Amino acid sequence: MRQQTPALAVLAAGTALALTACGGVSTTTGGGGDGDAYPSGSVEMYVGADPGGSSDLISRQVSAGLTDELGQQFPVINQSGANGALAANKVESSKNDGSVISVQNASLFAITPLAVADDEVTSIDDFDVVGGVSRDDYVLVTNSRNGWTSIDDLKSEGGRITYGTTGVGTGAQLSCALTYEVGGIQSEAVPFDGGAPALTALLGNQVDTACLQTGEAIENIENGKLTALSVFAPERIDYLPDVPTATEQGLDVEVFQYRFMTTPKGTPQDVKDTIWEAMQATFETEDYQAFNEQNSLTPMEVPGDEVVAQLEEDKQRYADLVDEYGIDLGSAS
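Everything quoted here is computed from the prediction, not taken from an experiment.

Rules used in this analysis
- Every chain is numbered on its own, with residues counted from 1 as its sequence reads.
- Only residues with pLDDT of at least 70 get local features here, since the model is predicted, and only at 80 or more are side-chain atom pairs given and counted; chain-wide, interface and lining totals rely on the full set of residues.
- Only hydrogens and water are set aside; all other atoms, that is, all heavy atoms of the structure, feed into the side-chain values.
- Under the scheme used here, helices are H or I runs from DSSP no shorter than 4 residues and strands are E runs no shorter than 2 residues, and both carry numbers assigned from the N terminus.
- A simple rule labels every residue: compare its accessible area, found with a 1.4 Å probe on the protein chains alone, to the largest value its type can have, and call it buried under 20%, exposed over 50%, or partly exposed in between.
- Residues are treated as being in contact if the distance between any of their heavy atoms lies within 4.5 Å.
- Computed by Shrake-Rupley with a 1.4 Å probe, the accessible areas treat only the displayed protein chains as cover when residues are assessed.
- Arc, as used here, means the arc of the directions from the helix axis to the C-beta atoms.
- Grouping buried Ala, Val, Leu, Ile, Met, Phe, Trp, Tyr and Cys residues that are joined through side-chain atoms within 4.5 Å yields what is termed a nonpolar core.
- When the sulfur atoms of two cysteines come within 2.5 Å, that pair is taken as a disulfide.
- Every case where a carboxyl oxygen of Asp or Glu lies within 4 Å of a side-chain nitrogen of Lys or Arg is listed as a salt bridge.

A. Focus on the overall build of the chain. Of the regular secondary structure elements, the chain holds 11 helices and 10 strands. Among the 333 residues that make up the chain, the fraction classed as buried is 52%. Contacts spanning at least 24 positions in sequence make up 78% of the contacts within the chain whose residues lie at least 6 apart. Accessible surface computed for the chain: about 13800 Å², of which carbon and sulfur atoms make up 46%.

Written out as structure tokens, the structure reads:
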């Protein structure tokens, strides 16, 4: 069984050691306009989520690796809200000298635009994408006391089924909404502010099902408290090899979260190259690979242009599905 606490303890200790080794906080720097190589001081790393969640933990693990590889601090700054939009706005408005960077979520650019007004949309065109980091797959789960084992069981239930999601404009919301609409299953959404409260409600049988990130649910799947009904990845995932995809169960539902490093638009290429090379070196370390395993993350360590192409493809695909099935994800007008 995977326990999250040891991984967090290791990460926290590693981060503390990295900060100690750097000898305190340095002045934030950019691309070395005075002739110094990048980075010549600390680099702020924004994350659009509260401490302790997947986005925060991934950012801190990458930060620790960049610190080790480049010899400067990369302090993580949490600025949660609007599914990551507040942190994204901070990055977008910062100097494009490499002094501010951020690991951002695909859902902010590919799904949230389907749930908010046009003037609230965050566009990937306003950033430079350095490279991919990892994929965090969604899983449809139910309290094991319900006795369901597949999506077909939900179809044959007959009554209305409730499902918890982790917020408006998220992949969890979209994957569940699509499952019930495409499957022709009567349902009612129950939104929660994050994966932890949704998981708590499901364990208490206050909702019938929930769409959660694999890392949030896997411990309770392995201990038998939850039953995994489907994953929404393109193929079965290594962490839940016996759980079929939605596609295998006859539903055209493929939704997954992934994260990637961004910088403000127009950041010098040599700065982005330095960050990407340090990220790639980080990905090769045993500590980083163990972190991925501990948190049920699938590597998506691809160049920035491949990330952007995937984003554009997903954004159009999701928009088409939402339109086809008449799904309202929230406050879109």
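B. Region of interest: helix α3 (residues 85-92). For α3, the complete set of buried residues consists of Ala85, Ala87, Ala88 and Val91. Taken down its axis, α3 places every buried residue within 160 degrees of arc, on the same side. On its buried side, α3 packs onto β1 (44-47), β3 (100-105), α4 (106-110), β4 (127-143) and β9 (256-264).

C. Layout of the nonpolar core. Core analysis: the biggest nonpolar cluster contains 48 residues, and Leu140, Phe260 and Leu311 have the highest contact counts within it. Elements with a contribution of two residues or more to this core: α3, α4, β4, α5 (151-157), β5 (161-165), α6 (171-182), β9 and α11 (304-325). In this structure, Ile58, Val103, Ile275 and Tyr288 belong to the second largest nonpolar core, which totals 22 residues.

D. The state of the cysteines, seen in detail. A complete count under the given rule lists one disulfide for this structure. Two residues share a disulfide in this structure: cysteine 176 and cysteine 211, whose sulfurs sit 2.1 Å from each other. The chirality of the disulfide connecting cysteine 176 with cysteine 211 is right-handed, given an S-S dihedral of about 95 degrees. In this pair, cysteine 176 sits in helix α6 while cysteine 211 sits in strand β7 (residues 209-213), placing the two residues 35 residues apart along the sequence. Across the pair, cysteine 211 and cysteine 176 agree in class, each one buried.

E. Layout of the pattern of salt bridges. As enumerated under the stated definition, the model contains 10 salt bridges in all. Notably, a salt bridge pairs lysine 272 with aspartate 128, separated by 3.2 Å at the nearest N-O pair. Taken together, the residues lysine 272 in helix α9 (residues 269-283) and aspartate 128 in strand β4 connect sequence positions 144 residues apart. Summarising the burial analysis for this pair, lysine 272 and aspartate 128 share the class buried. Between arginine 317 and aspartate 314 there is a salt bridge, with the nearest N and O atoms lying 3.0 Å from each other. A residue pair is termed a helical-turn pair when its members lie 3 or 4 positions apart in one helix, as arginine 317 and aspartate 314 do in helix α11 at three residues. Here the salt bridges share partners, and the residues they tie into one network are Asp128, Lys265 and Lys272.

F. Spatial organisation of the environment of valine 121. Looking at the secondary structure, you find valine 121 in the loop between α4 and β4. Judged by relative accessible area, valine 121 falls into the partly exposed class, the value being 31%. For the pair valine 121 and leucine 108, spaced 13 residues apart in sequence, the C-alpha separation works out to 8.5 Å. When residues no more than four places from it in sequence are discounted, the contact partners of valine 121 are Pro113 and Val116.

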